[in-house]
Amino acid sequence: MELAYSEALPYVRSISPYQPGKPITELAREFGLAVGSIVKLASNENPLGMSPKARGAMLAEIDGLARYPDDYELKRSVAEHHDLGMERIVLGNGSNDLLELIARVYLASGRSAVFSRHAFAVYALATQATGAECIEVAAHEFGHDLDAMLAAVRADTRVVWIANPNNPTGTFLPYAELKSALRRLPEQVIVVLDEAYNAYIPPNEQADTVQWLHELPNLVITRTFSKVYGMAGLRIGYALTSAAIADLMNRVRQPFNCNNLALAAAIAALDDQAFVERSVALNAQEMTRLCTAFGRLGLDSIPSRGNFITVRVPKAAAVNLALLKQGVIVRPLAGYGMPDHLRVTIGLAEENTRFLAALETALRGR
Ligand SMILES: *Cc1c(COP(=O)(O)O)cnc(C)c1O
């Protein structure tokens, strides 16, 4: 083994890299397909793109790119949007950045973090990159088992990662149950409530978790502009927490972690509720259509509150390959311990139609 490799920190060497959804350009190269003919339903991106207002704000910002970013205005907009003080807000280069900031503040060798099996892959990655120990707790019907997670907390545990809804399973913890569990956690344990898919939760199941911050000093809520706001490529998100935790996160944050274009677009996106509503309505309608189609094909899917659905497909790896050959990219979940499942992002009606036709072909050829 090369010395440069063997001398690296052992906990870094043991990390398995994040596996992103296959890029459209890569599939086009591999199978000689036209880029425009490919349907990508693999990374939970918004099929409507971003709000036209956000796009306009970004174009208007181009001439300001010679200057370092000033994140004051977005912080102020987020503060106003959630009726919170600005000192409680941390901006991130995507919410992934925020997860890493939390890990850097609270985790190191000799400490541990708790998360559920089949939870978002970044929790393990962010934990391992600090040298802390991962405590993975068995799932309950593919979702977080809160009682088991609480029971797994040790004296050296400093972070509990919770995604609600969870990715890649789409499972959702009802808020009454979640809040009661959070109240039972020891105060030295930071709870990260990752709400990347918050906007997609049906109105009758919504709760204002931001209000919980006034009662739970150890809570960090993360939100992102990557999903319902359609800005995954811009890399911007935020955390809402106590002033003390925000202060600590800001100490380890790169001074200019969010770029000018992302800041300008995010301010405009927060101001375009109509776009969010359009995106959520399309998602609900197409989710119903996909679920019905899965039922007709005799496939079981996991009830999802996100902008994606995870379906059980026997011989999922072969079906995935057959989909790729037809120019349709979905997400295989073997890396999440779910080798018989595929995760499909809810696309535009015509994209979902393409996917379903390709799926039927793939199932017939199996
Ligand atoms: C997509 C996603 C995120 C957001 O990632 P960004 O870094 O903001 O693009 C965070 N958490 C979960 C569970 C996700 O699925």
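Rules and cut-offs
Starting afresh in each chain, residues are numbered from 1 along the sequence in its written order. Owing to the predicted nature of the model, reporting of local features is limited to residues with pLDDT of at least 70; listing and counting of side-chain atom pairs is limited to 80 or more, with chain, interface and lining totals taken over all residues. Here the side-chain values reflect all heavy atoms present in the structure, with hydrogen atoms and water set aside. Here an axis means a line fitted to C-alpha atoms, over the contact stretch when the element is a helix, while the angle between two N-to-C directions is reported on a 0 to 180 degree scale. Only runs of H or I of at least four residues qualify as helices and only runs of E of at least two qualify as strands under DSSP, and these elements are numbered from the N terminus. For this classification, under 35 degrees means roughly parallel, over 145 means roughly antiparallel, 65 to 115 means roughly perpendicular, and everything else is oblique. Here, residues are in contact when the closest pair of their heavy atoms is within 4.5 Å. Classes in brief: Ala, Val, Leu, Ile, Met, Phe, Trp, Tyr, Cys and Pro nonpolar; Asp, Glu, Lys and Arg charged; the others, Gly included, polar. What a helix is expected to span follows from its residue count: subtract one and scale by 1.5 Å. The cut-offs for exposure are 20% and 50% of the maximum accessible area for each residue type, with area from a 1.4 Å probe on protein chains only; residues under the lower value are buried, those over the upper are exposed, and the others partly exposed. Note that the domain bounds were set by an automatic or database domain assignment. The working definition used for a salt bridge is a side-chain nitrogen of Lys or Arg within 4 Å of a carboxyl oxygen of Asp or Glu. Distance and chemistry together define a polar contact, namely a pair of N or O atoms within 3.5 Å, with one atom able to donate a hydrogen and the other to accept it when in protein, and with adjacent residues in sequence counting only for side-chain atoms on both sides. Grid points spaced at 1 Å over the protein atoms alone were grouped into cavities, where a 1.4 Å probe fits but cannot get out, and pockets, open sets with protein on both sides within 12 Å along at least five of seven lines, with lining residues defined by an atom within 4 Å of a point. Grid points are joined across faces, edges and corners, and a volume is the space filled by probe spheres set on the points.

1. With respect to the packing of helix 6 (residues 95-106) against helix 10 (residues 243-252)
Relative orientation of the contacting elements helix 6 and helix 10 amounts to 100°, with a least axis distance of 9 Å. Between helix 6 and helix 10, the angle falls in the class roughly perpendicular. Of helix 10, the residues touching helix 6 (which contributes Leu98, Leu101, Ile102, Arg104, Val105 and Tyr106) are Ile245, Leu248, Met249 and Val252. The residue makeup of the contact of helix 6 with helix 10, split by class, is 9 nonpolar, no polar and 1 charged.

2. Describing helix 12 (residues 273-296)
When the terminal C-alpha atoms of helix 12 are compared, their 35 Å separation across 24 residues agrees well with the 34 Å that a helix rising 1.5 Å per residue should span. Of the residues making up helix 12, those classed as buried are Phe275, Val276, Ser279, Leu282, Asn283, Glu286, Met287, Leu290, Ala293 and Phe294. As for helix 12, its buried residues are in contact with helix 4 (52-61), strand 9 (301-302), strand 10 (308-312) and helix 14 (349-364). Just downstream of helix 12 lies Gly298, where phi reads positive at about 75°.

3. Quick look at the domain arrangement of the protein chain
Split into domains, the protein chain comes out as domain 1 (2-49 + 274-363) and domain 2 (52-272). Here the C-alpha centroids of domain 1 and domain 2 sit 23 Å apart. On the side of domain 2, 34 residues touch domain 1, which itself brings 30 residues to the contact. Linking Glu205 and Arg305 is a salt bridge whose minimum nitrogen-to-oxygen distance equals 2.8 Å. Our count for the contact surface shared by domain 1 and domain 2 stands at 11 residue pairs in polar contact (both at pLDDT 80 or more). Of all the elements in the fold, those that place two or more residues in the side of domain 1 that touches domain 2 are helix 12, strand 10 and strand 13 (338-345). For the side of domain 1 that touches domain 2, the element with the highest residue contribution is helix 12, accounting for 7 residues. When the residues that make up the side of domain 1 that touches domain 2 are grouped by side-chain class, the tally is 13 nonpolar, 13 polar and 4 charged.

4. A few points about empty space enclosed by the protein
Within the structure shown, the criterion is met by 1 cavity of 30 Å³ or more. In this structure, the largest cavity is lined by Asn46, Pro47, Tyr200, Ser279, Leu282, Asn283, Asn307, Ile346 and Gly347. For the lining of the largest cavity, the per-class residue count stands at 4 nonpolar, 5 polar and no charged.

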